[in-house]
Amino acid sequence: MARPARKDVEHLLPTPDRIVETATQLFLETGYAGTSMSALAKACGIQKASLYHHFESKEAVLFACFQTGFAETVERMRSAAERTDLSFQDRLPLVLDEVYAAIVSSGAGRMAPVVAETTGRIPEVAERFNDEFIEEMHEIFEVFARDGMEAGEFEPFDLGALDHALFGVPVNLTLCRSMFAKFPDLEERYAVETVKGQHLQILRKLLGLQG
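Residues numbered from 1 in each chain as written. Predicted model: local features only at pLDDT ≥ 70, side-chain atom pairs only at ≥ 80, totals over all residues. Heavy atoms only, no water.

(A) Layout of the overall build of the chain. Looking only at helices and strands, the chain has 13 helices and 0 strands in total. Secondary structure elements of the chain occur, N-terminal to C-terminal, as α-α-α-α-α-α-α-α-α-α-α-α-α. Principal axes of the C-alpha set define a box for the chain whose edges measure 70 × 35 × 35 Å. Within the chain, the proportion of its 211 residues that are buried is 40%. A fraction of 68% describes how many contacts in the chain between residues 6 or more apart in sequence connect residues 24 or more apart. In the form shown here, the chain has an accessible surface area of approximately 11900 Å², with 53% of it arising from carbon and sulfur atoms. (Helix = DSSP H or I, 4+ residues; strand = E, 2+ residues; numbered from the N terminus. Buried < 20%, exposed > 50% of the residue type's maximum accessible area, 1.4 Å probe, protein only. Contact = heavy atoms within 4.5 Å. Areas by Shrake-Rupley, 256 points an atom, 1.4 Å probe, with all protein chains shown as cover.)

(B) Representation of the packing of helix α11 (residues 159-179) against helix α13 (residues 192-206) in the model. Direction vectors running N to C along α11 and α13 enclose 165 degrees, while the axes themselves pass 10 Å from each other. By the angle between their directions, the pair α11 and α13 is classed as roughly antiparallel. Along this stretch, α11 crosses α13, giving a crossing that reads as right-handed. In contact with Leu162, Ala165, Leu166, Val169, Pro170, Leu173 and Arg177 of α11, α13 contributes Val192, Val195, His199, Leu203 and Leu206. Tallied by class, the residues present in the contact of α11 with α13 amount to 10 nonpolar, 1 polar and 1 charged. (Axes fitted to C-alpha atoms, helices over the stretch in contact; angles between N-to-C directions. Parallel < 35°, antiparallel > 145°, perpendicular 65-115°, else oblique. Left-handed = near helix turned anticlockwise from the far one by under 90°. Nonpolar A, V, L, I, M, F, W, Y, C, P; charged D, E, K, R; others polar.)

(C) Region of the structure containing helix α3 (residues 37-44). Burial in α3 covers these residues: Met37, Leu40, Ala41 and Cys44. What you see down the axis of α3 is that its buried residues fit within an arc of 100 degrees, all on one side. Tucked into the core, α3 has its buried residues touching α2 (16-30), α4 (48-54) and α5 (58-67). (Arc of directions from axis to C-beta.)

(D) View of the packing of aromatic side chains. The tally for this structure, following the rule as stated, stands at 8 aromatic pairs. Note on Phe88 and Phe144: the rings are 5.7 Å apart at their centroids and 45 degrees apart in plane angle, and the pair reads as tilted. Taken as a pair, Phe88 in helix α7 (residues 88-105) and Phe144 in helix α10 (residues 123-150) lie far apart in primary sequence, 56 residues in all. Per residue, the accessibility class of Phe88 equals that of Phe144, and both read buried. Look at Phe141 and Phe167: their rings are 6.4 Å apart centre to centre, the planes differ by 85 degrees, and that puts the pair in the edge-to-face class. Placement of the pair is Phe141 in helix α10 and Phe167 in helix α11, with a sequence separation of 26 residues. Neither residue differs from the other here; Phe141 and Phe167 are each classed as buried. An aromatic cluster of at least three residues, connected via ring pairs, comprises Phe88, Phe141, Phe144, Phe154 and Phe167. When the ring centre of Phe88 is taken as reference, the NZ or CZ atom of Arg91 above it lies at 4.1 Å. (Phe/Tyr/Trp six-rings, centres within 6.5 Å; stacked < 30°, edge-to-face > 60°. Lys NZ or Arg CZ within 6 Å of the ring centre and 35° of its normal.)

(E) Here's a closer look at a negative patch on the surface. On the surface, a cluster of negative charge is contributed by Glu124, Glu127, Asp131, Glu135 and Glu139. By the secondary structure assignment, Glu139 is in helix α10. (Patch = residues over 30% accessible without salt bridge, like charges linked within 9 Å, V, L, I, M, F, W, Y side chains within 5 Å. Salt bridge = Lys/Arg side-chain N within 4 Å of Asp/Glu carboxyl O. Lys, Arg positive; Asp, Glu negative; His and termini not counted. Charge placed at Lys NZ, Arg CZ, Asp CG, Glu CD.)

Here it is, written out as structure tokens:
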């Protein structure tokens, strides 16, 4: 049998994106401590040396998993918050959509249980997760909410409490969906769109919006 051309062999080698996809699944299945670089290399079908060619450490792989899809959702959140062609109350559901995309659906959101696992032993993981991902979202929402209040569209409300009201629900949803992932009625119990719709109504009431 003829050996495949070199470019065909290279096509079969995992790219960093495919390595991150595999690593995310392993971290979620076996935890950070239970996932070795050797196991990851084996799952990717490559030598460990090839894995280190792309990522210098397991922590570097972990942060690549966080980054997958997250920066894009944060920028979409910023764009939604800054849409001057819409009223603040019309922007609110768009902002909330991107909060859920970032916290519930992105690589970073899906990795929240792994952050919880590692924070006691490797505190810099939680610190970087907060500094590089979470803080930016908080800042975007704080500016959005404050501007909406100053414009008279939102009723005055404590920004700190409002921040918790916004982010607490999707974080809890993410953790529940991870803990109870094997439940056959997971989507019925923790349906993302249902929770998000109810969450929007709570936020609207807090901000004094009708309907």
